[in-house]
Amino acid sequence: MQSRRRFLKIFGFSSAGAALADAMSQSKAVIDEGGDQAKEEIEKLKKAYEELDARSKLILRLLLFFSGIDILTSIL
């Protein structure tokens, strides 16, 4: 009787640990994929910004500055 309880207790801990490890593995994969997608999107936006003419760049910088997002104007 005692060995069966011990076995079930150990089995419960190990299955919970396996489920936790699997969930962590899946979430890491999702985060990595999301990071890669974000990097690709940033590169697309940089390329699109570089293709703008000088007047459009000035308008965009002014819009960002007056909207309070002036921290991004130094990047652009």
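Residues numbered from 1 in each chain as written. Predicted model: local features only at pLDDT ≥ 70, side-chain atom pairs only at ≥ 80, totals over all residues. Heavy atoms only, no water.

Quick word on the overall build of the protein
Logical step 1: Looking only at helices and strands, the protein has two helices and zero strands in total.
Logical step 2: Buried residues in the protein amount to 4% of all 76 residues.
Logical step 3: Working note: accessible area of the protein is about 6900 Å², and carbon and sulfur atoms make up 64% of it. (Helix = DSSP H or I, 4+ residues; strand = E, 2+ residues; numbered from the N terminus. Buried < 20%, exposed > 50% of the residue type's maximum accessible area, 1.4 Å probe, protein only. Areas by Shrake-Rupley, 256 points an atom, 1.4 Å probe, with all protein chains shown as cover.)

Section: the packing of aromatic side chains
Logical step 1: Tallied over the entire structure, the rule returns one aromatic pair.
Logical step 2: Seen from their ring centres, Phe65 and Phe66 are 5.4 Å apart, and the 75° between their planes marks the pair as edge-to-face.
Logical step 3: Residue classification places Phe65 among the partly exposed positions, given a relative accessible area of 46%.
Logical step 4: The exposed category is assigned to Phe66, whose relative accessible area is 67%.
Logical step 5: Taking NZ or CZ as reference, Lys57 lies 5.3 Å from the ring centre of Tyr49, over its face. (Phe/Tyr/Trp six-rings, centres within 6.5 Å; stacked < 30°, edge-to-face > 60°. Lys NZ or Arg CZ within 6 Å of the ring centre and 35° of its normal.)

Looking at helix α2 (residues 54–66)
Logical step 1: Compared with an ideal rise of 1.5 Å per residue, which puts 13 residues at 18 Å, α2 spans 18 Å between its outermost C-alpha atoms and is within 8% of the ideal.
Logical step 2: Downstream of α2 by a residue or two, Gly68 has a phi angle that is positive, lying close to 95°. (Expected span 1.5 Å × (residues − 1).)

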